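# Remarks on the overall topology
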Number of protein chains: 2
Amino acid sequence: MNTMIHTRECPIETVINVLGGKWKPMIYWHLIESTKRFSDLERLIPAVSQKMLTQHLRDLEKEGLIVRTIHPVVPPKVEYALSDYGKTLIPVLEVMCAWGENHNERKSEESAS
Amino acid sequence: MNTMIHTRECPIETVINVLGGKWKPMIYWHLIESTKRFSDLERLIPAVSQKMLTQHLRDLEKEGLIVRTIHPVVPPKVEYALSDYGKTLIPVLEVMCAWGENHNERKSEESAS
DNA sequence: CAGGATCCTAGAGGATACTG
DNA sequence: CAGTATCCTCTAGGATCCTG
């Protein structure tokens, strides 16, 4: 495989596409902590619409980052968890998170001066 | 302006917002290599429109990531370079890039099977 | 409970023309 | 050369209603 970055789709865009949905980082973030049900995520992220929550979960599942488990009970019980592969994103998120926090502080200071 | 909104915005979203424009990662990526003129970037990123190139450059400048230097000559000469602060993003990009490349390969294999 | 199906809007981005 | 200024398109996302 060619590792000449410029000739291929920028891998950074890949990451942004994977996490780029409005609520995806937050969804992912909550799943790092533990497995969650659909209604858990709705409660944890009150502003998200059902439609987008569903759609983002499907996207993340399609990328192999999360696993959707349907328990055949009544009422329905569906659980979402990070896949082993999905966990490989955690260190990436941590690095991003650290920079993002610093950047937010920087902007706060600058608007306070 | 105060920072009353201390809802602890997810720092990951901060990174995504900073790099989230359609061409921002690519612009940034080219500037890592060296200082570039506006026309250089147009040539390096043929698909970008003038409008978006200008707009994204302004955004990146506003975030303090790049520096815009106007040389008072005729014809105009404007150069864009990473700021020292902007360079702090490089390690973050490298981590993202590594994961993104791996993810692209993974998806290639899966669609080839 | 965990969604699917519809309809609708805002804003990111594109196309084109013009200019100091 | 390095942009503005307009106008236009397209889609991510929101709101609402319905169901196995």
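Keep in mind it's a predicted model, so treat the numbers as computed, not measured. (Residues numbered from 1 in each chain as written. Chains lettered and ligands numbered in written order. Predicted model: local features only at pLDDT ≥ 70, side-chain atom pairs only at ≥ 80, totals over all residues. Heavy atoms only, no water.)

With that out of the way, let us pick up the relation of the copies chain B and chain A. Rotating chain B by 180 degrees and moving it 0.0 Å along the rotation axis overlays it on chain A with an RMSD of 0.1 Å. A rotation of that kind, with that shift, is consistent with a two-fold axis. Within chain B, B:Ile16 has its C-alpha nearest the rotation axis, a separation of 3.3 Å. A high fraction, 92%, of the interface residues of chain B reappear at the interface in chain A, so the copies pair face to face through one surface. (Least-squares fit on C-alpha atoms with pLDDT ≥ 70 in both. Contact = heavy atoms within 4.5 Å.)

The interface is formed by 38 residues belonging to chain B together with 40 residues belonging to chain A. Carbon and sulfur atoms supply 67% of the area that chain B and chain A bury against each other, a total of about 3900 Å² over both sides. When the area that chain B buries against chain A is broken down by residue, the three leading residues are B:Ile12, B:Tyr85 and B:Trp99, summing to 19%. Where chain B touches chain A, the interface holds two salt bridges. Put simply, A:Lys107 and B:Glu63 hold a salt bridge, and the shortest N to O gap is 3.3 Å. When residues in the side of chain B that touches chain A are grouped by element, the largest group, 14 residues, is from helix 6 (residues 90–112) of chain B. Among the residues making up the side of chain B that touches chain A, the classes are represented as 20 nonpolar, nine polar and nine charged. (Buried area = accessible area lost by both parts, 1.4 Å probe. Salt bridge = Lys/Arg side-chain N within 4 Å of Asp/Glu carboxyl O. Helix = DSSP H or I, 4+ residues; strand = E, 2+ residues; numbered from the N terminus. Nonpolar A, V, L, I, M, F, W, Y, C, P; charged D, E, K, R; others polar.)

With that settled, consider the protein's contact with DNA strand D. Lining the immediate surroundings of DNA strand D are 22 residues, of which A:Lys51, B:Arg37, B:Ser39, B:Arg68 and B:Tyr80 lie closest. When the atoms of DNA strand D within 4 Å of the protein are sorted by group, sugar and phosphate make up 62%. At a separation of 2.8 Å, a phosphate oxygen of DNA strand D approaches a polar side-chain atom of B:Arg37. B:Arg68 places a polar side-chain atom, nitrogen or oxygen, 2.5 Å from a phosphate oxygen of DNA strand D. Those elements giving two or more residues to the surface near DNA strand D turn out to be helix 4 (50–62) of chain A together with helix 3 (38–44), helix 4 (50–62) and strand 3 (77–82) of chain B. (Near = heavy atom within 4 Å. Polar contact = N/O pair within 3.5 Å; in protein donor to acceptor, adjacent residues only side chain to side chain.)

Residue and element names in this part refer to chain A. Strand order in the open sheet formed by three strands is 1-3-2, and the pairing between neighbours is antiparallel. If you trace the sheet from one side to the other, it starts and ends with strand 1 (36–37) and strand 2 (66–71), each paired once. Relative to strand 3 (residues 77–82), strand 2 runs antiparallel, the two being bridged by six bridges. Bridge assignment links isoleucine 66 to a residue of strand 3, and that residue is leucine 82. Each of strand 1, strand 2 and strand 3 touches helix 2 (residues 24–33); the most contacted strand, strand 3, lies at about 90 degrees to it. (Pairing = 2+ DSSP bridges. Axes fitted to C-alpha atoms, helices over the stretch in contact; angles between N-to-C directions.)

Residues and elements named next belong to chain B. Strand order in the open sheet made by the three strands is 1-3-2, with antiparallel pairing throughout. Every interior strand has two partners, whereas the edge strands, strand 1 (36–37) and strand 2 (66–71), have only one. In this structure, strand 1 lies alongside strand 3, joined through two bridges in antiparallel fashion. Bridge pairing in strand 3 places lysine 36 opposite tyrosine 80. Contacts from helix 2 (residues 24–33) reach strand 1, strand 2 and strand 3 within the one sheet, and its direction differs from that of strand 3 by about 90 degrees. On the sheet, helix 4 packs against strand 2 and strand 3 and is oriented at approximately 115 degrees with respect to strand 2.

Another aspect to go through is the protein's contact with DNA strand C. Close to DNA strand C lie 22 residues; A:Ser39, A:Arg58, A:Arg68, A:Tyr80 and B:Lys51 are nearest. Of all atoms in DNA strand C that approach within 4 Å of the protein, 62% are sugar or phosphate atoms. The backbone of A:Pro76 places a nitrogen or oxygen atom 3.2 Å from a sugar or linking oxygen of DNA strand C. Here a phosphate oxygen of DNA strand C sits 3.4 Å away from a polar atom, N or O, in the main chain of A:Val78. The set of elements that each furnish at least two residues to the surface near DNA strand C consists of helix 3 (38–44), helix 4 and strand 3 of chain A together with helix 4 of chain B.

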